[in-house]
Every structure is written in structure tokens, then in C-alpha cells.
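One-letter residues, chain by chain:
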Amino acid sequence: MSTNVTVRIPPSPTGRLHIGTARTALFNYLFARHADGRIVFRSEDTDRTRSKREHEDEIVEGLHWLGLDWDDFSRQSEHAARHTELLDGLIRAEKAFVSKEPAKDDPSREVEVVRLKNPGRAITFTDEIRGEITFDTTELGDFVIARSRDDALYHFAVVADDWDAGVTHVIRGEDHISNTPRQILIQEALGAPRPVYAHIPLILDAKRAKLSKRSGATSVMDYRAEGFLPEALVNYFALLGWNPGSDREDFSLAELVEAFSLAGVQKSGAAFDREKLLSVNQRWMRKLSDEAYVSHLNDLDPELDLSNIGKIVPLLKERARTFGEAREMLGGELAFLFAPPSVSKEALLAKTPAGRGAEVQRALERALEALAGLGSEIAANSAKDALMPIAEELEAVGKGSRGAFLWSLRYALSGSERSPDPFTIIYILGADEALSRLRHALALLGAS
RNA sequence: GGCCCUAUCGUCUAACGGCUAGGACAGCGCCCUUUCACGGCGUAAAUCGGGGUUCGAUUCCCCGUGGGGUCACCA
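My aim in this report is to walk through the structure given alongside it, one point at a time.

Definitions and cut-offs
- Residues numbered from 1 in each chain as written.
- Chains lettered and ligands numbered in written order.
- Predicted model: local features only at pLDDT ≥ 70, side-chain atom pairs only at ≥ 80, totals over all residues.
- Heavy atoms only, no water.
- Pairing = 2+ DSSP bridges.
- Helix = DSSP H or I, 4+ residues; strand = E, 2+ residues; numbered from the N terminus.
- Contact = heavy atoms within 4.5 Å.
- Axes fitted to C-alpha atoms, helices over the stretch in contact; angles between N-to-C directions.
- Parallel < 35°, antiparallel > 145°, perpendicular 65-115°, else oblique.
- Left-handed = near helix turned anticlockwise from the far one by under 90°.
- Buried < 20%, exposed > 50% of the residue type's maximum accessible area, 1.4 Å probe, protein only.
- Phe/Tyr/Trp six-rings, centres within 6.5 Å; stacked < 30°, edge-to-face > 60°.
- Lys NZ or Arg CZ within 6 Å of the ring centre and 35° of its normal.

Turning our attention to the sheet that holds strand β8 (residues 144-148). Overall, antiparallel pairing links the four strands, which are arranged β4-β5-β8-β9 in an open sheet. Edge positions in the sheet fall to β4 (96-102) and β9 (151-152), since each of these pairs with one other strand and no more. Relative to β9, β8 is paired through two bridges, and the arrangement is antiparallel. Residue pairing in the sheet places Ser148 in a bridge with Asp151 of β9. The strands that helix α3 (residues 80-92) touches are β4, β5 (110-116), β8 and β9; relative to β8, the one it contacts most, it runs at about 115°.

Taken N-terminus to C-terminus, the directions of helix α7 (residues 230-239) and helix α9 (residues 274-287) make an angle of 135°; their axes are 8 Å apart at the nearest point. Here α9 runs oblique to α7, going by the angle between their axes. For the pair α7 and α9, the crossing hand works out as right-handed. Judged by residue contacts, Glu231, Ala232, Leu233, Asn235 and Tyr236 of α7 engage Lys276, Leu277, Val280, Asn281, Arg283 and Trp284 from α9.

Relative to the assigned elements, Lys207 resides in the loop between β12 (203-204) and α6 (220-226). On the basis of relative accessibility, which here comes to 78%, the residue Lys207 falls in the exposed class. Residues Lys207 and Ile123, 84 residues apart in the sequence, show an inter-C-alpha distance of 33 Å.

Turning next to the packing of aromatic side chains. Overall, the coordinates contain ten aromatic pairs when judged by the stated rule. Residues Tyr236 and Phe272 carry aromatic rings whose centres are separated by 5.6 Å and whose planes lie at 85° to one another, so their mutual orientation is edge-to-face. In this pair, Tyr236 is assigned in helix α7 and Phe272 in the loop between β13 (270-271) and α9, connecting sequence segments 36 residues apart. Site record: aromatic cluster; members linked through ring pairs are Phe27, Trp242, Phe251 and Phe260. Over the face of the ring belonging to Phe251 we find Arg248, whose NZ or CZ atom lies 4.1 Å from the ring centre. Its end group placed over the ring of Tyr427, Lys311 keeps NZ or CZ at 4.7 Å from the ring centre.

Next comes the structure, spelled out in C-alpha cells:
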């Protein structure tokens, strides 16, 4: 592996795996893998009170689930001794100093924080995505870089760790733009090289504010639990703020690695659109083999009885946009496929013109006989071949009767005003169950 | 509010000075059709405003305005 490019994925384990974290990690991954470079994962756990191992585990698991990986793993807390060493060096060189001051949380107590001696000048850096950016750093003053000599703060730890890891490209959210000058100040004090910066646009919610817990589901794991495919999430996240310069939207992770370039990254924030994500997800679900589809359903809900679902998968593929939706359909609008529905005589004849009731009933009886003649194994199209002639005959006698008959047939089988067509239902139910439901409907009509 | 970033259909975006401003999602309509779903076709929908530069600006510059971010001894 060449080492001309090294990026970092530095999540802080203080919460669940946020969509924004995942997308930033994805962009780093795409950039690095495209350049055949290195990726270092660094858990930024220096906030001892908020950092939790369970969060780190979820972040790692979620990122792996999306298909991302890295070449090196470390925790910032493991670098504490190195931070102290660097801090001491800075103090000795009089580029930083220890300052005795009242503690922020308890002013009666005195603490010794470390502050950077700020030369106080304008800092200009080049952002790969936005061009030159200049800040006046005088207003920053001699800012705090460590709570004490052995407890470095974020900005210092980041700069030190990036330096030690040989990070060449810092690709992160736009919200870090204003952090960059102070990190550059620390770099210069340390004598560390300046990496290339690329600040990617933020993901916004529907109200165009930075995505937060209030904006709805923001954890990648929530989407997994809802039955989204990692391929779909990756595909959609990549297109939020990046594009290949063409109309193409269908990308696998490997194809993204191939196509990715910072030049295609957008400058302004992108609103997260769940509808579009759903559409992308459905596209990926449809690519699955029926077997894989069922296996995903099983992963989502191990309690689900999927023993006789094989014939139903095509129906789910054309309807469900997530596996969660698919599961709901099995217990909802498609539940009639598993247990006989209740049917009403009125709905059975809902589309039958006045005075034609007897006619439709006779046709249903003929349908029953035709079906019985097919035997118990029904092929995909044989029900249609057997029953459509009856419908056509009816139409010849009275216009609109075909539709009335087919409606009644379908309703007798599904007990629902909206459902797949009767032939598909018969195929799925099998001859015995279909005949039983038809008999039941006929009995209802006969009871007039 | 200071500082910084930013600005093409409702949303994601294409067009890196020169085409009727293109695509996708959502919307709407039509077709297919026994209903639903799928599918096919079509339609509506945008260059924030004002100045420049230029033969010519969505594109380059400036000023407004809008939006966003950030202002910790959090990361």
C-alpha cells in the first residue's frame, strides 16, 4: 500500500452513530481508498465523563455494517503520555505556559491550565473544496490547550495525533472550519506539517438546520432497525453533497471508490430527504435475490414466520421500500394471504351492476369448478388461463360484467378492496385454500 | 451580534463564459388494468436582488439579501 495519502476517521464515543459521522467517515474512506491510501480510526475519548465504550462499539459496528474499514485503530486516551511530552516541550520552548486561575466550575478552587502563546496574526489556509480562507486569530487570545499538563484538550490532541499518525488529509464537516486556524496555530508551535484541509457540507434537516436529535432518526442504527440496506445508505449519503458530474445515481461502495473525487463535492449544505432515501433503498432491495430478501426479513424480525413466503417476495419487492414496511405488509394489507379474511356480501357485489347479481354468482360457481379441475398444484399462470375466458364470456353478454366478476373473485379471495390480482392470489394460496374461500363467498351469496 | 462558509426546480443536483437550463425524488395528469402496487408516457417546477467585467453570463468580481456554521477548561 502506498502511503502518499493518510486520512483519519475520528468519532467521539459520546453518543450513537450519527448520520453525519457516518457520511464524513464515508467521504474519508472513499477518498483514501481511491488514492490507495491509509485510513486511521481514532476514538476521541478524552472527555471521560461523556465517553462510553458502548458508544464506541456501536460506531465501529455501524461503520463496518456500512462496509467501511480502516488500517489502524487507536483511542485518543492511549496517547495521553505523548500529549504530555509534547505539552512540556511547548512550555519549555515558551510557546505555551501554565496559568494559575480559578476553576471554571468552581471559582474558589485554583487550577493550572495550559495556554498557547498566540502570536496573534492572520492565518490563511487553503481548503480543497472552498479555496483560500483567512481568519484573524488575535481575538482567540492565549487559548487553553490543556486542562493541565497531563490532560490535553481536543484541539491539541487532534493536532498531535494527526501529526503522529502522519495524516495528510483532514476531511471533516464544515462546522470545523472555524476550528482550523487555532489548530494551525498549535501545529506551528509544535513544528508539525500542515495537512490538506477539505471541509465538506453539512447534512441539514428539512428546516435546513444542522441535523440533530430533534430532526428525526439520526442514528445509522435506527435505519438499520427500520430495515434499510447498508448499500442504500452508502449510496444515498454519497450523493448528499457529492456527485460524479453526471446523471448517474446508482453506485455501490466499490463504484463510489472508483468515481470519488473531492472536486465533485458540493459547497453548500444538503437537506436530508427521507423520501429519496426510501426510493434508493427500494431500488437496492429489488436487486436482492428472493432468498437474500427473505434472509433480510428474518434478520429484521426472527419471530416472523417466513416458511411460506417464497411466492410472496415478488409482491413485497414491488411494494415495500424498507424491510420494516415489508414486515408490516405481511401483518397488514397482505395478511389475508396467511389467514382467511372476513368478507361481506355487500362488498362482494360492490361492482356488480343492479340486476346482475345472479349472473356474477353463476360465474363464480363456474370459476369454482374450473379451479377444482386444475388439481391442487397451480402454476403461476394457469389460474388466469382457466378463469379469464369466463370473464370474457360475461363481458360479451353484458358490458362491464368482466370487471364486476373479477372484482368479486378478487374480493372473495382477499376480503380487501385493494389487493394484488386474483390470479396471483390463487397462485400464492394454492388450490385448496382458494377453493375454500370461493365456497365461503358463494355460501354468503346463496344465503340471500 | 462578531467572525467564517454558502446561494440552480419543494428536495438532491448537472451545465467548469456560448444550446429550448438537463436528470433524480416528491407532486400532478394520462396510459396499462378487475382494485392496489409495479410499469410506461407526459406535465408543472429553478439560476435570490442590484451593480459591474464581457460580443455574451447560472458560470467571473463587488454590494446587498437569504440560509448555514461557529464563538467551551465538549469533541
